[in-house]
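Descriptive analysis of the structure
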Amino acid sequence: MEGMGLLVILFFFGLAGGIVGRIKGSSFLLWFMISGLIPFFGLLTAICYRWEDRELRRQCPGCGRVVKLHDALCTRCGTELEFPSVAIASEAATRARPAA
Ligand SMILES: [Zn+2]
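Predicted model only: the values in this text are computed from it and were never measured. (Residues numbered from 1 in each chain as written. Predicted model: local features only at pLDDT ≥ 70, side-chain atom pairs only at ≥ 80, totals over all residues.)

**Overview of the overall build of the protein**
- A count of helical and extended segments in the protein gives 4 helices and 2 strands.
- Mapped from its N terminus to its C terminus, the protein presents α and β elements in the order α-α-α-β-β-α.
- Across the 100 residues in the protein, those meeting the buried criterion constitute 16%.
- Taking as baseline every contact in the protein between residues at least 6 positions apart, the subset at least 24 positions apart corresponds to 35%. (Helix = DSSP H or I, 4+ residues; strand = E, 2+ residues; numbered from the N terminus. Buried ≥ 20, exposed ≤ 12 C-beta atoms within 10 Å, placed from the backbone. Contact = placed C-beta atoms within 7 Å.)

So this is what it looks like as structure tokens:
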């Protein structure tokens, strides 16, 4: 029965990771599998996974749209984006420090 116990533990790790991933706007199934295959570390990764609105942003040189720093393509005009030297503060940081 020891094998069954391990499977149950892995299942709950997967479930927890999946729920955390889903809350953060990612795929439930993806984080379910990561956390189930790599228990503890997978779950930890899901918990540490970036919050979308904590991401640094930058402006597309083609159309001026503000996109996430890690985006390789502008979602509006399709311009290929180099990794920028200047980033715009994340949405969370902007909310925390209202413009003077
Ligand atoms: Zn653009």
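**Focus on the confidence of the model for the protein**
- In the predicted model, the protein carries a mean pLDDT of 82, and 86% of its residues have values of at least 70.
- Confidence, read as mean pLDDT per element, is least for helix α4 (residues 91–96) in the protein (74) and greatest for helix α2 (residues 28–37) (92). (pLDDT = per-residue confidence, 0-100.)

**Comments concerning helix α3 (residues 41–48)**
- Every buried residue of α3 is listed here: Gly-42, Leu-43 and Ala-46. Viewed end-on, α3 has its buried residues packed into an arc of 100 degrees, placing them on one side of the element. (Arc of directions from axis to C-beta.)

**What to know about the environment of Val-66**
- Tracing the backbone through its elements, the reader meets Val-66 in strand β2 (residues 66–68).
- A sequence separation of 22 residues divides Val-66 from Ile-88, and the C-alpha atoms of the two residues are 8.5 Å apart.
- Dropping the residues within four chain positions of it, Val-66 is found in contact with Arg-57, Gln-59 and Ile-88.

**Quick look at unusual backbone geometry**
- Even without being glycine, Phe-40 reaches a positive phi, approximately 70 degrees.
- Mapped onto the elements, Phe-40 comes out in the loop between α2 and α3.

**With respect to the nonpolar core**
- Listed in full, the 7 residues of the largest apolar core are Phe-13, Val-20, Trp-31, Phe-32, Ile-34, Leu-43 and Ala-46.
- Ranked by the residues each element gives to this core, the list is headed by α2, at 3 residues.
- Setting aside residues up to four positions removed in sequence, Trp-31 forms contacts with Gly-17, Gly-18, Val-20, Gly-21, Ser-26 and Ala-46. (Core = buried A, V, L, I, M, F, W, Y, C linked by C-beta atoms within 7 Å.)

**What to know about the environment of Phe-28**
- Looking at the element boundaries, Phe-28 is found in helix α2.
- With 11 residues separating them along the chain, Phe-28 and Gly-17 place their C-alpha atoms 7.9 Å apart.
- When near neighbours in sequence (up to four residues on either side) are disregarded, Phe-28 contacts Gly-18, Gly-21 and Arg-22.

**Brief notes about the packing of α2 against α3**
- For the pair α2 and α3, the least separation of the axes is 6 Å and the interaxial angle reads 140 degrees. For the element pair α2 / α3, the angle class is oblique. Residues Trp-31, Ile-34, Ser-35 and Leu-37 of α2 touch α3, and the partners they reach there are Gly-42, Leu-43, Thr-45 and Ala-46.
- Residues belonging to the contact of α2 with α3 are distributed by class as follows: 5 nonpolar, 3 polar and no charged. (Axes fitted to C-alpha atoms, helices over the stretch in contact; angles between N-to-C directions. Parallel < 35°, antiparallel > 145°, perpendicular 65-115°, else oblique. Nonpolar A, V, L, I, M, F, W, Y, C, P; charged D, E, K, R; others polar.)

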